[in-house]
Structures are given as C-alpha cells and as structure tokens.
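Below, each chain spelled out in residue letters.
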Amino acid sequence: MNIIFMGTPDFAVPCLKVLHADGHNILAVFTQPDKPVGRRQILTPPPVKQTAQALGLRVLQPVTLRDGGAEREIRALRPDLIAVVAYGKILPPSILSIPAYGCINVHASLLPKFRGASPIQSAILCGERKTGVTTMRMDAGMDTGDILLCEETAVGDTETAGELFDRLAPMGAALLQRTIADLRAGKLAPKKQDEAQATYCKMLDKSLSPIDFTRPAAEVHHQILGLSPWPCAKTQVQGKGLKVLRSTLSDLSGTTPGELVSAREHMAVTCGDGRCVEFLEVCPDGKKRMSAQDYLRGAKIPEGTILGS
C-alpha cells in the first residue's frame, strides 16, 4: 500500500517502523520542524525524522498544513492511505479527503475518553484503572472520528506516565498493523464515538507540578505518577526543591497536610484526607534521581517537617 506517514515523538516511531517492515511503500514522512532542545538550545530533529532518515525515507517538515503547499505535495504523491500518529498538527478537510482509504490515526487512549494532547498522562492523573490505544478514521474534529479498533491494558498501581508510554507505543504499532490488514480485507466496521462519554485533555506544563498536600492522598499519588518523567510533581523540603518521580499509597496516617510522618525506612507524607502518600523515587534540585531512602540518608530530614514550605 502507498502510505504517507505523519508523526513526531517517540510514541510514533514503532508505528513507522512496523509499516516499513511490512513492506508498505512509504511515499514520505511528515513531521514537525526541528526544535531547540536543552539548556544550550541545540536544534534537534524529532525522533520520527531521525528514524525516517535511518530508513532512507523522504522527510517533509512543513510549518503549516494550511497554506496549500502540503496539500499540493500530498496530491502529487497520490497516497492510498495517510497514517497519523501523534503528529501535532490538525489535518484540514482538504487533506483528509485525498487518500482513497482515508486517514487513520493511532491515539493513546480508549476513545472517546481523553481526546487531545496528553492522553497517557491524563489517564493516570485521573486515576483510571485501564487505558489503551485506539485507531480511528480521521475527520475534521479533534479525535472525533469513527473508531476502527481498540486494545485495552490495565494501569499499574505505581506505573508512571513514562512507563505507560513505553508500553502503549508498541501496542499502537501492532494495532495499526491490524487495522491496515483489516482495511485491505474489508473487515473493518467503523463505529461512531459516544459524544456523551467524551473527555478532553490539554498539553501539560509546569504549572501542574506543585503538590498540594491538602488534596486526598490518592490524588497526590496520581499527580506524581502522571507527571513523571515530565514536568514532574514538585514540592519544597526545608526551602529546597524536590521532584517526586514515583510514589505509592501508605498505610500510615497523620493529621497535618504536608507533614513528614516517617523519615526512616519510608518517606511518608500526610495528605488532606489523613492518609499518607509514600515517596519512592525523588530528584533533589541539582542532583540525579534516587530512591527516597537514599535521599533521606543524605538529607537527614526530621520527622514532623512540613513539606511545601
């Protein structure tokens, strides 16, 4: 099948690789422009571009899809299908209508839940016990197209967004593979999304990072897991910043939100409902990530310390 692939981050890489391995004719790979990365702001190509170049594929990086240039390019390529995976740009109707088999998107949630930019993190932030990947036939809306196939998976009790990301990416690739096979065989039965069940999620930023220990322990726990590895949940300990990268719910309890009730074998902090959240992995400002136990051994923080102040 003649396919144009559109994608940008690591999540899209397994999908590109599986299409290439299956022998499809990948006409071109569309990805976002290179961006400055890190403290030194080094111009860096996105992961999909790096993979496409390693595979010897043509790469296009239009700044916009709405000036007519990308549309003319795509029409000239005459794709049978456009596969879109975390591309980061909305495809206008004029492009959606070009391929004979339409445009298929791989989305990292069980649609219609968590439409939008941060479905993996949002599933954990909301305390979902299961999530998954969905393929859909794209339309002009934001992740509103007809569902083609879904694959579910349980969310682990202490699974971070980064770990879930690593599990869902190959699941998405396998689901795209199945979807294209079923499409060619005429086996797909597209299903309308239930708008009454739809939820949306937005891009993450550092404004979500500060931990509010007056919230229930379960909410704090999900914040920590959902924001790991970026932008990370963060608190203050004796005036110094501390990122919290992994946690679990503790059997311990306390009375004052933010109070460190255990600073020996465990680092347990009281939350607003009296339950404690236990930090498992942390990263003090200016240092590498470490276990909470190693942090306590070096920092020697007394029990009763109030975090966040």
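Computed from a prediction, not measured in an experiment: that's the story for all the values here. (Residues numbered from 1 in each chain as written. Predicted model: local features only at pLDDT ≥ 70, side-chain atom pairs only at ≥ 80, totals over all residues. Heavy atoms only, no water.)

Bringing the overall build of the chain into the picture now. Of regular secondary structure, the chain possesses 8 helices and 17 strands. Taken along its principal axes, the extent of the C-alpha atoms in the chain is 70 × 45 × 30 Å. Sequence-distant contacts, at least 24 apart, represent 64% of the contacts inside the chain between residues at least 6 apart. Across the chain, the mean location of the 36 positive side-chain charges is 6 Å away from that of the 32 negative side-chain charges. (Helix = DSSP H or I, 4+ residues; strand = E, 2+ residues; numbered from the N terminus. Contact = heavy atoms within 4.5 Å. Lys, Arg positive; Asp, Glu negative; His and termini not counted. Charge placed at Lys NZ, Arg CZ, Asp CG, Glu CD.)

Okay, the pairing of strand S14 (residues 260-263) next. Relative to strand S15 (residues 267-270), S14 runs antiparallel, the two sharing 3 bridges. Within the sheet, the bridge partner assigned to Ser-262 lies in S15 and is Ala-268. Where S14 folds back onto S15 in an antiparallel hairpin, the turn is made up of 3 residues. (Pairing = 2+ DSSP bridges.)

Of the residues making up helix H1 (residues 13-21), those classed as buried are Val-13, Cys-15, Leu-16, Val-18 and Leu-19. For H1, the secondary structure elements touched by its buried residues are strand S1 (2-7), strand S2 (25-30), helix H2 (47-54), strand S6 (81-85), strand S7 (103-107) and helix H6 (161-185). Looking one or two residues beyond H1, the residue adopting positive phi is Gly-23, at roughly 85°. (Buried < 20%, exposed > 50% of the residue type's maximum accessible area, 1.4 Å probe, protein only.)

We now examine the side chain of Gln-32. Secondary-structure assignment places Gln-32 in the loop between S2 and strand S3 (35-37). Engagement of the side chain of Gln-32 in a polar contact is seen with the backbone oxygen of Gly-88, the distance being 3.3 Å. At 3.2 Å, the side chain of Gln-32 and the side chain of Lys-89 are in polar contact. Setting aside residues up to four positions removed in sequence, Gln-32 forms contacts with Thr-8, Pro-46, Gln-61, Tyr-87, Gly-88 and Lys-89. (Polar contact = N/O pair within 3.5 Å; in protein donor to acceptor, adjacent residues only side chain to side chain.)

A word on H6. Relative to the 36 Å expected for 25 residues at 1.5 Å per residue, H6 spans 35 Å between its end C-alpha atoms, a close match to the ideal helical length. Trailing H6 by a residue or two, Gly-186 shows a phi angle of about 70°, which is positive. (Expected span 1.5 Å × (residues − 1).)

Take the side chain of Thr-153 next. You can see Thr-153 is positioned in strand S10 (residues 146-154). Here Thr-153 falls in the buried class, since its relative accessible area comes to 14%. Here Arg-167 takes part through its side chain, which lies 2.7 Å from a polar atom of the side chain of Thr-153. Apart from the residues within four sequence positions on either side, Thr-153 is in contact with Lys-130, Thr-131, Gly-132, Arg-167, Leu-168 and Met-171.

Tallied over the entire structure, the rule returns 17 salt bridges. A salt bridge links Arg-58 to Glu-73, with the nearest nitrogen and oxygen atoms 2.7 Å apart. Of this pair, Arg-58 sits in the loop between H2 and strand S5 (59-60) while Glu-73 sits in helix H3 (residues 69-77), and the two are 15 residues apart along the sequence. A relative accessible area of 38% means that Arg-58 is categorised as partly exposed. A salt bridge links Glu-281 to Arg-289; the nearest nitrogen and oxygen atoms lie 2.9 Å apart. When salt bridges that share partners are traced, they join Glu-163, Arg-246, Glu-281 and Arg-289 into one network. (Salt bridge = Lys/Arg side-chain N within 4 Å of Asp/Glu carboxyl O.)

Of note, the amide linkage connecting Leu-111 to Pro-112 takes the cis form, showing an omega dihedral of 15°. Residue Pro-229 is reached from Ser-228 by a cis peptide bond, and omega for that bond is 20°. Locating Pro-229 in the fold gives a position in the loop between helix H7 (217-226) and strand S12 (233-237). Residue Gln-41 is not a glycine yet carries a positive backbone phi of 55°. The residue Gln-41 is located in the loop between S3 and strand S4 (42-44) in this model. We note that Asp-143 has phi near 60°; this positive angle belongs to a residue other than glycine.

On to the nonpolar core. Core analysis: the biggest nonpolar cluster contains 39 residues, and Phe-5, Phe-11, Leu-16, Leu-19, Val-29, Leu-168 and Leu-176 have the highest contact counts within it. For this core, the element with the most residues is H6, which contributes 10 residues. When sequence neighbours within four positions are dropped, the list of residues in contact with Leu-168 reads Phe-11, Ala-108, Ile-120, Thr-131, Gly-132, Val-133 and Thr-153. (Core = buried A, V, L, I, M, F, W, Y, C linked by side-chain atoms within 4.5 Å.)

Below, the discussion takes up the pairing of strand S9 (residues 130-137). The element S9 is extensively covered by neighbouring structure, given that 6 of its 8 residues are classed as buried. Taken together, the 4 bridges between S7 and S9 define a ladder with antiparallel strand orientation. The residue of S9 that forms the bridge with Ile-104 is Arg-137. With 8 bridges joining them, S9 and S10 adopt antiparallel strand pairing. Across the sheet, the residue bridging to Val-133 is Glu-151, located in S10.

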